[in-house]
Amino acid sequence: MIVPADAGCQQEAWDVTPAAEDLPAGWTASASQYDIDRKTMSFLGPTPQDEASSQAVVYATVTCFRSGAEDGVNRSRAAAEAAGQSVADRDDLGEQAYSAVDDSGAAFVQMRAGKIVVYLAASGDASATELDGLASAFDKALGGDGGTIAPPDVIPTDGQAIERGLSAEIFR
């Protein structure tokens, strides 16, 4: 049996878009795709100055859960840990959030506000500060205060990196 989408829930997911002025400097929304109860977006970073570098990209998925949003985030966090990712709670974003880094250095953030869950996945060319900036923009779009953004050009100590769910090695 196919359950029809809750039009209100779907519209809530589709309406979550960070304001352009809240994005990190030089970042723009690139494309959006609308699905049942979900919207996916891609964001492009500034064009690199050198031709050998790739442009940073962050992919965002905004999903409205008719029920079970908190459990969905809990299961995602547990799956990240089971996959061997470095995972840390993010009390500064939404009602529930965590960040994760995998062995390749790819960084992720997932946050929940009510029944809306936002998942951000950064390319290796996006800095932790840029990913935090996008997470902050989404937090504001969900009614939050924007959380905490890691300062640029600072190499965190291993303890600070672990606290933020990151590997200090990706900054070196």
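Numbers given for residues are sequential positions, taken from 1 along each chain in its written order. Local features in a predicted model are, by the rule used here, given only for residues with pLDDT of at least 70; side-chain atom pairs are given and counted only at 80 or more, and totals for whole chains, interfaces and linings are based on all residues. Hydrogens and water are ignored here; the side-chain numbers use all heavy atoms of the structure.

### Thoughts on helix H2 (residues 69-82)
Part 1 of the reasoning: Numbered from the N terminus, helices here are DSSP runs of H or I no shorter than four residues, and strands are runs of E no shorter than two. Expected helix span is given by 1.5 Å per residue-to-residue step, counting one fewer step than there are residues. With 14 residues, H2 should cover 20 Å at 1.5 Å per step; its first-to-last C-alpha distance of 20 Å lies within 8% of that length.
Part 2 of the reasoning: Relative accessibility thresholds used throughout: buried, under 20% of the residue-type maximum; exposed, over 50%; partly exposed, between the two (1.4 Å probe, protein chains only). Of all the positions in H2, only Ala-69, Gly-72, Val-73, Arg-77 and Ala-80 are classed as buried. One side of H2 carries all its buried residues, which in axial view fall inside an arc of 135°. Exposed residues lying more than 90 degrees from the buried face of H2 are Arg-75 and Ala-82.
Part 3 of the reasoning: Contacts were defined at the residue level, with two residues in contact if any of their heavy atoms lie within 4.5 Å. Turning to H2, the residues buried within the fold contact strand S4 (86-89), strand S5 (96-101), strand S6 (107-113) and strand S7 (116-122).
Part 4 of the reasoning: Where H2 ends, the next residue or the one after it, Gly-84, has phi of about 85°, a positive value. Of all possible arcs, the one meant is that of the directions from the helix axis to the C-beta atoms.

### Describing helix H3 (residues 128-141)
Part 1 of the reasoning: Under the 1.5 Å per step criterion, the end-to-end length of H3 is 20 Å for 14 residues, consistent within 8% with the ideal 20 Å.
Part 2 of the reasoning: With respect to burial, H3 is a largely interior element, twelve of its 14 residues being buried.
Part 3 of the reasoning: Turning to H3, its buried residues are Ala-128, Thr-129, Glu-130, Leu-131, Asp-132, Gly-133, Leu-134, Ala-135, Ser-136, Ala-137, Phe-138 and Asp-139.
Part 4 of the reasoning: For H3, the secondary structure elements touched by its buried residues are strand S2 (38-44), strand S3 (57-64), S6 and S7.

### Topic: the state of the cysteines
Part 1 of the reasoning: Criterion for a disulfide: a pair of cysteine sulfur atoms at a distance within 2.5 Å. Per the stated rule, a full pass over the model turns up one disulfide.
Part 2 of the reasoning: One disulfide in the model links Cys-9 with Cys-64; its S-S distance is 1.8 Å. Taking the sign of the S-S torsion, about -105° here, the bridge from Cys-9 to Cys-64 comes out left-handed. Taken together, the positions of Cys-9 in helix H1 (residues 7-15) and Cys-64 in strand S3 put the pair 55 residues apart, joining distant regions of the chain.
Part 3 of the reasoning: Overall, Cys-64 belongs to the buried group, its relative accessible area being 4%.

None of this, on its own, says anything about what the molecule does.
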